[in-house]
Amino acid sequence: MVAENRQVLLQRRPIGAPSPDDFTIIDGPIPQPAAGEVLLRGIYLSLDPYMRGRLSAARSYAKPVEIGAVIEGRAVGEVVRSEHPDFRPGEFAYGGYGWQAYSAVAGAQLVKLDPAVAPISTALGVLGMPGLTAYVGMSDIGRPKAGDTVVVSAASGAVGAVAGQLARAAGARVVGVAGGPEKCRYVESDLGFDACLDHRLPGLGKALDKACPNGIDVYWENVGGAVQQAVFPRLNDFARMVLCGMVAEYNDVQPQPGPNLMAAVRKRLRIQGFIVSDEWQRFAEYRAMAAPLLRAGRLKYREDIVDGLDNAAAAFIGLLQGRNFGKLLVRLGPDPTRGG
Ligand SMILES: NC(=O)c1ccc[n+]([C@@H]2O[C@H](COP(=O)([O-])OP(=O)(O)OC[C@H]3O[C@@H](n4cnc5c(N)ncnc54)[C@H](OP(=O)(O)O)[C@@H]3O)[C@@H](O)[C@H]2O)c1
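Residues numbered from 1 in each chain as written. Predicted model: local features only at pLDDT ≥ 70, side-chain atom pairs only at ≥ 80, totals over all residues. Heavy atoms only, no water.

*Asks:* Can you help me understand the environment of I120 in this one?
*Replies:* Following the sequence through the fold, I120 ends up in the loop between β7 (111-113) and α2 (129-142). We classify I120 as buried; its relative accessible area is 3%. In contact with I120, not counting residues within four places along its chain, are I43, Y44, V76, F92, L113, P115, D335 and T337. (Helix = DSSP H or I, 4+ residues; strand = E, 2+ residues; numbered from the N terminus. Buried < 20%, exposed > 50% of the residue type's maximum accessible area, 1.4 Å probe, protein only. Contact = heavy atoms within 4.5 Å.)

*Asks:* Looking at this model, I keep getting lost on the site of the ligand. Mind explaining?
*Replies:* In the region of the ligand, 28 residues are neighbours, and K183, H199, Y250, V276 and N324 sit closest. Between the ligand and N324, the relevant distance is 2.7 Å, taken from an oxygen atom to a side-chain nitrogen or oxygen of the residue. Protein burial of the ligand: of its 900 Å² of free accessible surface, 91% is covered by the chains. Those elements that provide at least two residues to the shell around the ligand are α2 and α3 (158-169). Classifying every residue of the shell around the ligand by side-chain character gives 17 nonpolar, 10 polar and one charged. (Near = heavy atom within 4 Å. Polar contact = N/O pair within 3.5 Å; in protein donor to acceptor, adjacent residues only side chain to side chain. Areas by Shrake-Rupley, 256 points an atom, 1.4 Å probe, with all protein chains shown as cover. Nonpolar A, V, L, I, M, F, W, Y, C, P; charged D, E, K, R; others polar.)

*Asks:* I keep staring at the packing of α2 against α3 and nothing clicks. Help me out?
*Replies:* Packed helices, taken two at a time, are described by their axes: the angle between them and the distance between them. One way to put it is that α2 packs onto α3 with a least axis distance of 8 Å and a crossing angle of 40°. Considering the angle they form, α2 stands oblique to α3. Note that α2 runs across α3; the crossing there is right-handed. Across from P130, G131, T133, A134, Y135 and M138 in α2, the residues of α3 making contact are A158, V159, V162, A163, L166 and A167. Residue composition of the contact of α2 with α3, grouped by class: 10 nonpolar, two polar and no charged. (Axes fitted to C-alpha atoms, helices over the stretch in contact; angles between N-to-C directions. Parallel < 35°, antiparallel > 145°, perpendicular 65-115°, else oblique. Left-handed = near helix turned anticlockwise from the far one by under 90°.)

*Asks:* I would appreciate a short explanation of the environment of V231 in the present structure.
*Replies:* Structurally, the position occupied by V231 is in helix α6 (residues 225-231). Other than its neighbours up to four places away in sequence, V231 contacts V151, L208, I216 and Y219.

*Asks:* Looking at this structure, I do not really get the sheet that holds strand β12 (residues 235-243). What am I missing?
*Replies:* Backbone hydrogen bonds are what pair the strands of a sheet, in a parallel or an antiparallel way. Sheet architecture is open: six strands sit in the order β10-β9-β8-β11-β12-β13, paired in parallel fashion. Looking at the sheet topology across the chains shown, the edges are occupied by β10 (195-198) and β13 (270-273). Looking at each pair of strands side by side, their axes are set apart by 15° on average, direction ignored. Both strand β8 (residues 149-153) and strand β11 (residues 216-221) contribute to a ladder of three bridges, which runs parallel. For V152, the partnering residue across the bridge sits in β11 and is W220. On top of the sheet, α3 reaches β8, β9 (173-178) and β11; it is set at about 170° to β8, its chief contact. Strands β8, β9, β10 and β11 of the sheet are contacted by helix α5 (residues 204-211), whose axis makes an angle of about 170° with β10. (Pairing = 2+ DSSP bridges.)

*Asks:* Mind showing me how you'd approach the side chain of D217 here?
*Replies:* The topology assignment puts D217 in strand β11. Buried and unpaired, D217 has no salt bridge, with R240 as the nearest side chain of opposite charge at 5.4 Å. A polar side-chain atom of D217 sits 3.0 Å from a polar atom in the side chain of N236. (Lys, Arg positive; Asp, Glu negative; His and termini not counted. Salt bridge = Lys/Arg side-chain N within 4 Å of Asp/Glu carboxyl O.)

*Asks:* Looking at this model, I keep getting lost on the layout of surface pockets. Mind explaining?
*Replies:* To find the voids left in a structure, one rolls a probe of water-molecule size over its atoms. Size it by volume and the second largest pocket reaches roughly 260 Å³. Lining of the second largest pocket is provided by R74, Y94, G95, G96, Q109, V111, W280 and F283. The element that contributes the greatest number of residues to the lining of the second largest pocket is strand β5 (residues 92-96), accounting for three residues. Its residues assigned to classes, the lining of the second largest pocket shows four nonpolar, three polar and one charged. (1 Å grid on protein atoms, 1.4 Å probe; cavity = no way out; pocket = protein on both sides within 12 Å on 5 of 7 lines; lining within 4 Å. Points joined across faces, edges and corners; volume = space filled by probe spheres on them.)

*Asks:* Explain α3 here, please?
*Replies:* In an α-helix, one turn spans 3.6 residues, which is why side chains three or four residues apart end up on the same side. With 12 residues, α3 extends 17 Å from end C-alpha to end C-alpha; this agrees with the ideal 16 Å at 1.5 Å per step. Regarding α3, the residues found buried are V159, G160, A161, V162, A163, G164, Q165, L166 and A167. Positive phi shows up at G171, right after α3, with a value of about 95°. (Expected span 1.5 Å × (residues − 1).)

*Asks:* Explain the state of the cysteines here, please?
*Replies:* Disulfide: a covalent bond formed between the sulfur atoms of two cysteine residues. Counted according to the given criterion, the structure contains zero disulfides. Unpaired in this structure, C196 has its nearest cysteine sulfur neighbour in C184, at a distance of 3.4 Å. Residue class for C196 comes out buried when judged on its relative accessible area of 9%. Left without a disulfide partner, C244 is nearest to the cysteine sulfur of C196, which lies 17 Å away. (Disulfide = S-S within 2.5 Å.)

This is the structure we're talking about:
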């Protein structure tokens, strides 16, 4: 075991797009687990768009990270020492952790992982919070049915990939929107969407008209901005707009003007936001549904793994610009389940 615990702290609150100077790296002592705690060695750290909100002081559904504190984040790790009866050294677990090499975490807040069920990294993506997000939003708000046309933005990403596959399994025609030809090819050929449109090309509106000749019944909103502006006028009567996130707007200093909502009255739209943490109790239900699909190759996913905590800030900055391709993870240390 190395003697030090590397950590990434919030140096100052970003204004607009975060920059490397907003983060600072320090080496401190490895924490000792107190009674009821488990010392985890981090293997994979999850980087998620919601963390941009935590770096701001603005009021939100969760408390901001304090200046000088470790940036928060979920991780999968290996138990090194345990002061909790349910965990033993060598076992794997995930939970709230922080941008650091080691963390002492309350055992009650950790979920034990069995590498025989699925690769341990998937607990942060397709079988984790992003997957549950897609499941909750699609089942409760999107409710796609056979014959519907569903549009999913950030379609190659952690949430979008699952949202689109669930809609397709429900019999809908699914059109993804993604940044660049490589992501679009992946969404069509690997994820099996009916089409995928590149929002970086001019003329997204016309491309939507062509790909969705019967209009749009469900829009899964991951990005906001120009993609939302192109989709909104093409929603059908009684369409559902699932407001999952608007990552293209997270760095904005001034909020973007929204669409004119008179159309929502005229078309009887259902526009609903949601936060997955209100639905944690459905985690077991989601994993029980999704893990067998994953093993059977009927639920596809892609991970974008960046090596080393020192590269976490740059990877996070890139996530907010679409530089990731799949669920973004930082490898904090060796993964014994993948041969180190
Ligand atoms: N409501 C909830 O409880 C909940 C839970 C989890 C996640 N979310 C939200 O779900 C969305 C997707 O999250 P994720 O974890 O799955 O991330 P992700 O899709 O794996 O990665 C983010 C993607 O967003 C797109 N993007 C980033 N900046 C953009 C920009 N400026 N303009 C247009 N597109 C941009 C990029 O895809 P392209 O290059 O393809 O555009 C990028 O790859 C986010 O809005 C997130 O906040 C919400």
